[in-house]
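Listed here are the chains, written in short residue letters.
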Amino acid sequence: APPADLAALARRVEGWAAGLQLFHLATRGMPVEERRRVLETSGSSGRLTREYLARNVLFGLPADLRTFLLETSVLGRLTGPLCDEMRGAGGSAAMLEELARRGVFTVPVEDTDDAWRYHEVLRAHLDRMLVEEIGEEAARARHARAGAILEAAGEPSAALQAYCRAEHWPAVRRLLGLQGEPPAAAAGGAWVDAIPP
């Protein structure tokens, strides 16, 4: 595959070796253009990834941890207090530590001891599960609530990402107007693609 395609795939799966292998299995023998089309869509590689996560990652978890993952998947930054507020319940710090201990795609955020994020492969899968469970409109409302929680906690980049997923454009405009360039630089462009022209 061309280097640009390999780079796009590596970004999409955040270097997750099983994700790279699943893409290879899903596209083995395909011409380069067909592999590129699969990479750009949520086709068979997406289906294989979802099946892998459902069967090998989520199925073996206790119900309370699966529920926790779904409830907190709307937060781009995960701390005990942020998750407690999102869930309306305590004990989130211990659950985050348990997920990390089990190796459930929970990644520490750099330069901090108490913040996490879900690996993009898992976060995207949880977002799809959330929509299947409660519907797109309710999922957008949950992302908007996460945006408000993150904004109040002084996390403008994560708030922007949540507001963009919620399609809450007034909040995005307001936050960009209040914060200017720093959140754009800090976000690494993660939310920029979601903003309509």
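Given the structure is predicted, the values throughout are model-derived calculations rather than measurements.

### Here we look at helix H6 (residues 80-87)
All buried positions along H6 are accounted for by Gly80, Leu82, Cys83 and Met86. Within H6, the buried residues cover an arc of 165 degrees as seen down the axis, which keeps them to one side. Contacts from the buried residues of H6 go to helix H5 (63-72), helix H7 (92-102) and helix H9 (136-152). Its side-chain oxygen 3.2 Å from the backbone nitrogen of Leu82, Thr79 forms the N-cap of H6. Positioned one or two residues after H6, Gly88 has a phi angle of 70 degrees, which is positive.

### Examining the pattern of salt bridges
This structure, assessed with the given rule, holds eight salt bridges. The salt bridge partner of Arg87 is Glu71, with a shortest N-O separation of 3.2 Å. Taken together, the residues span a long stretch of sequence, with Arg87 in helix H6 and Glu71 in helix H5 at a distance of 16 residues. One salt bridge in this structure joins Glu155 and Arg77, with 2.9 Å as the shortest N-O distance. With Glu155 in the loop between H9 and helix H10 (156-166) and Arg77 in the loop between H5 and H6, the pair connects residues that are 78 residues apart, well separated along the chain. Its relative accessible area of 22% is what places Glu155 among the partly exposed residues.

Reading the values: rules and limits
- Residues numbered from 1 in each chain as written.
- Predicted model: local features only at pLDDT ≥ 70, side-chain atom pairs only at ≥ 80, totals over all residues.
- Heavy atoms only, no water.
- Buried < 20%, exposed > 50% of the residue type's maximum accessible area, 1.4 Å probe, protein only.
- Helix = DSSP H or I, 4+ residues; strand = E, 2+ residues; numbered from the N terminus.
- Arc of directions from axis to C-beta.
- Contact = heavy atoms within 4.5 Å.
- Polar contact = N/O pair within 3.5 Å; in protein donor to acceptor, adjacent residues only side chain to side chain.
- Salt bridge = Lys/Arg side-chain N within 4 Å of Asp/Glu carboxyl O.

By themselves, these figures tell us nothing about what the structure is for.
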